[in-house]
Amino acid sequence: MIDPVEAVAECGDQRMAHSGVRLIVNADDFGLSSSVNRAVIRAHREGILTTASLMVNAPAFGEAVAMAQENPRLGVGLHLTLVCGHSALPPGTIPGLVNAQGRFTNDSGVAGLSYYFNRRLREQLRREIHAQFEKFRATNLRLDHLNGHLHLHLHPVVFSLLMEDGAQLGFESVRLTWDPLALNLRLASGRLGYRAMHALIFKWLCARARPVLEQRGFRHTKAVFGLLQNGRVDEAYVSRLLSNLPGGDSELYSHPSLDDFKHEFDALTSPRVRAQLAGLGIKLIRYQDL
């Protein structure tokens, strides 16, 4: 087994000590399916993956927890789910958030507007957020970080609830999803409208969130890569990114699986990527190492 956190530290390339470049490599949607779970663990054991974000209400949640317990060097965070998934609470207790089957809407735009303008939903959101944290705590896994499915943790209302209750919820590190467009334009092509729109939206959200996180002492990376790729974190992109990482701490996230996004799994386990990362002296870390 290759421990991705320790592998670079053991590399003989002395440039590592001077590069000042550290990278968290994260997998979102841990627990979504057995295919995703197996890809996450293999990418951690055989590749460069250092952390994963757990969906506590997903179908393969129990399997994901068991796998994480068998791989204690994998940093596991909470992938807070308030859209496109199931709730932790019974539907009758949060009727404004989910349908009778306990499902959130699959339309992130509808969810975002509803959560922002309907003030009656705020206490329901607070209760569901606490329930998902409680379900994570019950796993006895160390909480490495917090982020949100479709990055809804940065939604102004959701973010304010998280900040109000942060001490009680017990998280210390948060994904600040800023994927710099200027760099992305050098690394990838296509879907310019999608990339520009998401870069603009998250630049605004991060500008609001960053000073609050820093004032309250929550840790985050300088940049987060993967947002503007949206399912296209392949080996070519990862290779170009590694050669152009900014100084300091960054995160690269993807959605590896052994079926729908196998190209992302292949990128994280590529021998060429591992060799390039070691040669560049990039240190692999988890959020808890920030």
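Rules used in this analysis
Note on numbering: residues in each chain are counted from 1, in written sequence order. Given that this is a predicted model, residues contribute local features only at a pLDDT of at least 70 and side-chain atom pairs are listed and counted only at 80 or more, while totals for whole chains, interfaces and linings are drawn from all residues. Heavy atoms throughout the structure, all of them, feed into the side-chain values; hydrogens and water do not. Stacked, tilted and edge-to-face pairs are distinguished by plane angle, under 30 degrees for stacked and over 60 for edge-to-face with tilted covering the rest, among Phe, Tyr and Trp rings (Trp via its six-membered ring) whose centres lie within 6.5 Å. Each residue is placed in one exposure class: buried if its accessible area under a 1.4 Å probe, protein chains only, is under 20% of its type's maximum, exposed if it is over 50%, and partly exposed if it falls in between. Strands are runs of DSSP state E lasting at least two residues, helices are runs of H or I lasting at least four, and both sets are numbered from the N terminus onward. To sit over a ring, a charge needs its Lys NZ or Arg CZ within 6 Å of the ring centre and within 35 degrees of the ring normal. Any carboxyl oxygen of Asp or Glu within 4 Å of a side-chain nitrogen of Lys or Arg constitutes a salt bridge here. Residues count as neighbours in contact if any of their non-hydrogen atoms are within 4.5 Å of one another. Residue-level confidence of the predictor is what pLDDT reports, using numbers from 0 through 100. Axis definition: a line fit to C-alpha positions, over the contact stretch in the case of helices; interaxial angles, taken between N-to-C directions, run 0 to 180 degrees. Roughly parallel refers to an angle under 35 degrees, roughly antiparallel to one over 145, roughly perpendicular to one between 65 and 115, and oblique to any angle outside these ranges. The crossing is said to be left-handed when, going from far helix to near helix, the turn is anticlockwise and less than a right angle, and right-handed when the turn is clockwise. Gly falls in the polar group here, along with every residue not listed as nonpolar (Ala, Val, Leu, Ile, Met, Phe, Trp, Tyr, Cys, Pro) or charged (Asp, Glu, Lys, Arg).

(A) Region of interest: the packing of aromatic side chains. Scanning the model with the defined rule gives three aromatic pairs in all. Arranged with centres 5.0 Å apart and planes meeting at 80°, the rings of Tyr116 and Phe117 form a pair that is edge-to-face. Under the relative-accessibility criterion, Tyr116 is labelled partly exposed at 42%. Between the aromatic rings of Phe133 and Phe171, the centroid separation amounts to 5.8 Å while the plane-to-plane angle is 35°, which identifies the pairing as tilted. Note that Phe133 is positioned in helix 6 (residues 122-137) and Phe171 in the loop between helix 8 (166-169) and helix 9 (181-187), a separation of 38 residues in sequence. Classification of Phe171 as buried rests on a relative accessible area of 4%. One aromatic cluster in this structure is built from Phe133, Phe171 and Phe218. Above the face of the Tyr194 ring, Arg191 is positioned so that its terminal group lies 5.1 Å from the ring centre. Residue placement shows Arg208 over the ring face of Trp204; its charged tip is 5.6 Å from the ring centre.

(B) Broad picture of the pattern of salt bridges. A complete count under the given rule lists twelve salt bridges for this structure. Put simply, Arg42 and Glu46 hold a salt bridge, and the shortest N to O gap is 3.2 Å. Remark: Glu46 and Arg42 occur in helix 3 (residues 34-46); sequence separation between them is four residues, near one turn of the helix. Residues Glu172 and Arg219 are paired through a salt bridge, measuring 3.3 Å at the closest nitrogen-oxygen approach. With Glu172 in the loop between helix 8 and helix 9 and Arg219 in the loop between helix 10 (192-216) and strand 5 (223-225), this residue pair connects regions lying 47 residues apart in the sequence.

(C) The arrangement of the environment of Ala209 in detail. One can find Ala209 in helix 10. Expressed as a C-alpha distance, the spacing of Ala209 and Gly279, which sit 70 residues apart in the sequence, is 35 Å. Residues within four places of Ala209 in sequence aside, it is in contact with Leu154, Phe159 and Leu176.

(D) Representation of the confidence of the model for the chain in the model. Chain-level statistics for the chain give a pLDDT mean of 94 and a share of 93% at 70 or above. Segment residues 7-18: pLDDT under 50, and 14 contacts once partners within four positions in sequence are set aside and those in other chains are kept.

(E) How the structure looks around the packing of helix 6 against helix 7 (residues 156-164). Where helix 6 meets helix 7, the closest approach of the two axes is 10 Å, and the angle between their N-to-C directions is 60°. Between helix 6 and helix 7, the angle falls in the class oblique. Seen from above, helix 6 lies across helix 7 with right-handed handedness. Residues Arg122, Leu125, Arg126, Ile129 and Phe133 of helix 6 form the contact with helix 7, whose participating residues are Val157, Val158, Leu161, Leu162 and Glu164. When the residues that make up the contact of helix 6 with helix 7 are grouped by side-chain class, the tally is seven nonpolar, no polar and three charged.

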